[in-house]
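Take a look at the letters that make up each chain.
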Amino acid sequence: GRSAEQALEIMRDSRIGAHGAVALILAFAARITLLAALSPLAAAGALALGMAIGRAAILPVVALERPARPDGLARLIARPDGGHGFYPRDILALAATLALAVGMAGIAGVLALGLGASCALLVGRFARARLGGITGDVLGAAAVLAEIAAIAALVGLR
């Protein structure tokens, strides 16, 4: 869609379009390509840690950005007061992810977490500029891109 309203309407449609299909294929191909550079055991660990980082990386996005619409998925997990900031559970989840990253990969895990969170925050900023805020689709894209970035960091730093 050319306007934010058109884009939000397209995103509300549950059918996948050509752009969505291409994005899914590219995301899958990126994971496979990166993980192929590792042994099977290392690939399993990198995938698991990457998935954890991808999910944790959306917490800062939710804490710092507002939902694009008042009735979407992002509104369900945003702060009910409309403010910004982290809930204690968010800090606990991020700390647990950091501990997991350090335990599994040491400094490479910390760097992977930082890169993943940075990618997710960039997606959130882009969504604010383009759509006026975040949506469930935006959070899903942020998680996938953060996961791929984290896996790339783990592969590159091995």
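Residues numbered from 1 in each chain as written. Predicted model: local features only at pLDDT ≥ 70, side-chain atom pairs only at ≥ 80, totals over all residues. Heavy atoms only, no water.

Concerning the pattern of salt bridges
Applying the stated criterion to the full structure yields seven salt bridges. For the salt bridge of Glu147 with Arg31, the shortest nitrogen-to-oxygen distance reads 2.8 Å. In this pair, Glu147 is assigned in helix 8 (residues 136-156) and Arg31 in helix 2 (residues 18-35), connecting sequence segments 116 residues apart. By relative accessible area, which is 2% here, Glu147 ends up buried. Of the charged contacts, one joins Arg128 and Glu65 as a salt bridge, the two residues approaching to 2.8 Å between their closest N and O atoms. Of this pair, Arg128 sits in helix 7 (residues 107-131) while Glu65 sits in the loop between helix 4 (58-64) and helix 5 (73-77); the two residues are 63 residues apart in sequence, bridging distant segments of the chain. Overall, Arg128 belongs to the partly exposed group, its relative accessible area being 39%. Taken together, the salt bridges that share partners define one network made up of Arg31, Arg55 and Glu147. (Salt bridge = Lys/Arg side-chain N within 4 Å of Asp/Glu carboxyl O. Helix = DSSP H or I, 4+ residues; strand = E, 2+ residues; numbered from the N terminus. Buried < 20%, exposed > 50% of the residue type's maximum accessible area, 1.4 Å probe, protein only.)

Digging into the environment of Ala129
The residue Ala129 is located in helix 7 in this model. A sequence separation of 125 residues divides Ala129 from Ala4, and the C-alpha atoms of the two residues are 9.4 Å apart.

A short note on the environment of Ala30
Relative to the elements of secondary structure, Ala30 occurs in helix 2. Among the residues examined, Ala30 registers a relative accessible area of 24% and is labelled partly exposed. Expressed as a C-alpha distance, the spacing of Ala30 and Ile148, which sit 118 residues apart in the sequence, is 7.1 Å.

So, the packing of helix 2 against helix 8
Relative to each other, helix 2 and helix 8 sit at 15°, their axes nearing to 10 Å. In terms of their interaxial angle, helix 2 and helix 8 are classed as roughly parallel. As for how helix 2 packs across helix 8, the hand of that crossing is left-handed. Listed contacts from helix 8 to Ala27, Ala30, Arg31, Leu34 and Leu35 of helix 2 are Val144, Glu147, Ile148, Ile151, Ala152 and Val155. Here the residues of the contact of helix 2 with helix 8 sort into nine nonpolar, no polar and two charged. (Axes fitted to C-alpha atoms, helices over the stretch in contact; angles between N-to-C directions. Parallel < 35°, antiparallel > 145°, perpendicular 65-115°, else oblique. Left-handed = near helix turned anticlockwise from the far one by under 90°. Contact = heavy atoms within 4.5 Å. Nonpolar A, V, L, I, M, F, W, Y, C, P; charged D, E, K, R; others polar.)

Observations regarding the side chain of Thr135
Within the secondary structure, Thr135 sits in the loop between helix 7 and helix 8. What makes Thr135 buried here is its relative accessible area of 4%. A polar atom in the side chain of Thr135 sits 3.1 Å from the backbone nitrogen of Val138. In this view, Thr135 contacts Leu8, Met11, Ala68, Arg69 and Ala74; residues no more than four positions away in its chain are not counted. (Polar contact = N/O pair within 3.5 Å; in protein donor to acceptor, adjacent residues only side chain to side chain.)

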